[in-house]
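# Coordinate inspection notes
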Amino acid sequence: GAVVSQHPSRVICKSGTSVKIECRSLDFQATTMFWYRQFPKQSLMLMATSNEGSKATYEQGVEKDKFLINHASLTLSTLTVTSAHPEDSSFYICSARDWAGQGTYEQYFGPGTRLTVT
Amino acid sequence: SQQGEEDPQALSIQEGENATMNCSYKTSINNLQWYRQNSGRGLVHLILIRSNEREKHSGRLRVTLDTSKKSSSLLITASRAADTASYFCATTAQGAQKLVFGQGTRLTINP
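What you see is a predicted model; the values in this text were computed from it and never measured.

## Describing the interface of chain A and chain B
Of the residues lining the interface, 28 residues belong to chain A; the matching set on chain B comes to 21 residues. Carbon and sulfur atoms make up 48% of the surface buried where chain A meets chain B, a total of about 1,900 Å² over both sides. Summed over the three residues of chain A that lose the most area to chain B, namely Ser-43, Gln-107 and Phe-109 of chain A, the buried surface amounts to 24% of that side. Residues Glu-59 of chain A and Lys-98 of chain B are paired through a salt bridge, measuring 2.8 Å at the closest nitrogen-oxygen approach.

## Looking at the side chain of Asn-51 of chain A
The topology assignment puts Asn-51 of chain A in strand β5 (residues 44-51). For Asn-51 of chain A, a relative accessible area of 15% corresponds to the buried category. Within the structure, the side chain of Asn-51 of chain A is placed 3.3 Å from the side chain of Thr-32 of chain A, a separation counted as a polar contact. Residues within four places of Asn-51 of chain A in sequence aside, it is in contact with Thr-31, Thr-32, Thr-57 and His-71 of chain A together with Gln-97 of chain B.

## Some thoughts on the pairing of strand β4 (residues 29-37) of chain B
Residues and elements named next belong to chain B. Of all nine residues that make up β4, eight are buried, and the element is covered over most of its length. Bridging between β4 and strand β5 (residues 43-50) involves seven bridges; their strand directions are antiparallel. Among the inter-strand pairings, Tyr-35 is bridged to a residue of β5, identified as His-45. In this antiparallel pair of consecutive strands, β4 and β5, the connection spans five residues, and Gly-40 shows a positive phi of 75°.

## Points about the confidence of the model for chain A
Looking at chain A as a whole, the pLDDT averages 92, with 99% of positions reaching at least 70. Of all the helices and strands in chain A, strand β10 (residues 104-109) of chain A carries the lowest mean pLDDT, 85, while strand β11 (residues 113-117) of chain A carries the highest, 97.

## Side note on the nonpolar core
Within the largest apolar cluster, 25 residues are counted, with the highest numbers of intra-cluster contacts made by Val-4, Trp-35, Leu-79, Tyr-92 and Leu-115 of chain A. Taken together, the elements giving at least two residues each to this core come down to β2 (10-13), β3 (19-25), β4 (32-38), β5, β7 (67-73), β8 (76-81), β9 (90-101) and β11 of chain A. Core analysis: the next-biggest nonpolar cluster, separate from the first, contains 21 residues, Leu-46, Ile-47, Ile-49 and Ile-109 of chain B among them.

## Considerations on the sheet that holds strand β7 (residues 61-66) of chain B
Remark on secondary structure: sheet strands pair via backbone hydrogen bonds, oriented parallel or antiparallel. Residue and element names in this part refer to chain B. With antiparallel pairing, the five strands of this open sheet are ordered in space as β1-β3-β8-β7-β6. The open sheet is flanked by β1 (5-7) and β6 (55-58), the only strands paired with a single partner. The mean inter-strand angle of the sheet, taken between neighbouring strand axes irrespective of direction, is 15°. Judged from the three bridges that link them, β1 and strand β3 (residues 19-24) form a sheet pairing that is antiparallel. Its bridge partner lying in β3, Glu-5 is registered against Ser-24.

## A few points about the confidence of the model for chain B
Per-residue pLDDT for chain B averages 92, and the proportion of residues at 70 or more is 96%. Taken element by element, chain B is modelled with least confidence in β1 of chain B, mean pLDDT 84, and with most confidence in β7 of chain B, mean pLDDT 98.

## Description of the packing of aromatic side chains
As enumerated under the stated definition, the model contains nine aromatic pairs over all chains in all. Their ring planes at 45° and their centres at 6.3 Å tell us that Phe-67 of chain A and Tyr-92 of chain A sit as a pair that is tilted. Placement of Phe-67 of chain A in strand β7 and of Tyr-92 of chain A in strand β9 is noted, with a sequence separation of 25 residues between them. One exposure class covers both Phe-67 of chain A and Tyr-92 of chain A, and it is buried. Note on Phe-109 of chain A and Phe-101 of chain B: the rings are 5.8 Å apart at their centroids and 75° apart in plane angle, and the pair reads as edge-to-face. Remark: Phe-101 of chain B occurs in strand β10 (residues 99-101) and Phe-109 of chain A occurs in strand β10; the pair is interchain, linking two chains. The exposure classification of Phe-109 of chain A matches that of Phe-101 of chain B, with both residues buried. An aromatic cluster of at least three residues, connected via ring pairs, comprises Tyr-36 and Phe-109 of chain A together with Tyr-35, Phe-88 and Phe-101 of chain B.

The rules behind these values
- Residues numbered from 1 in each chain as written.
- Chains lettered and ligands numbered in written order.
- Predicted model: local features only at pLDDT ≥ 70, side-chain atom pairs only at ≥ 80, totals over all residues.
- Heavy atoms only, no water.
- Contact = heavy atoms within 4.5 Å.
- Buried area = accessible area lost by both parts, 1.4 Å probe.
- Salt bridge = Lys/Arg side-chain N within 4 Å of Asp/Glu carboxyl O.
- Helix = DSSP H or I, 4+ residues; strand = E, 2+ residues; numbered from the N terminus.
- Buried < 20%, exposed > 50% of the residue type's maximum accessible area, 1.4 Å probe, protein only.
- Polar contact = N/O pair within 3.5 Å; in protein donor to acceptor, adjacent residues only side chain to side chain.
- Pairing = 2+ DSSP bridges.
- pLDDT = per-residue confidence, 0-100.
- Core = buried A, V, L, I, M, F, W, Y, C linked by side-chain atoms within 4.5 Å.
- Axes fitted to C-alpha atoms, helices over the stretch in contact; angles between N-to-C directions.
- Phe/Tyr/Trp six-rings, centres within 6.5 Å; stacked < 30°, edge-to-face > 60°.

Right, here's the structure in full:
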């Protein structure tokens, strides 16, 4: 199956600083990637859809100026958490979709990034 | 917003038994996918079933889809301790790009 990587896997930062998380599709090209946030023992909440070469589409309630998304190439999307605060501490997961034929796509997920803001 | 409901929220069985998890959704879908997540890790894609399919198999996994009831089930046969994880269903609506996840079922296989 297709492989998606994320970097870093864990990051600890001080309140007020910015953190960048990278998501890469390793063996396929992804025109569309997605960013999710997951709180402990909860499901994934979609934050935004990242389209290569265009602006990301954010879900309702997600601050686009706080969570900057850049999808500069067909294999790389980045999420920057700006001016991080402790409430931004969470598990961030990206995914990339790949054509599965017959009008459908499969989504492949990265291993996630654990962000802790102190 | 979350549109999927999963049932049960938690399931604990003995190794070797079968595990069944159910998922319901609200809108018309293009396809439904099941994922596994081990604690603190990313999601592993298990199986995709299209809206025109009723059943799919993959190894010890069997997925059914009933679009009239807007529901799906995931059956894991002959469970193993390594199957302990959270399982999520996720749907893609007709004409949409994004996946919408259910709340998940936490499965524990006791040795």
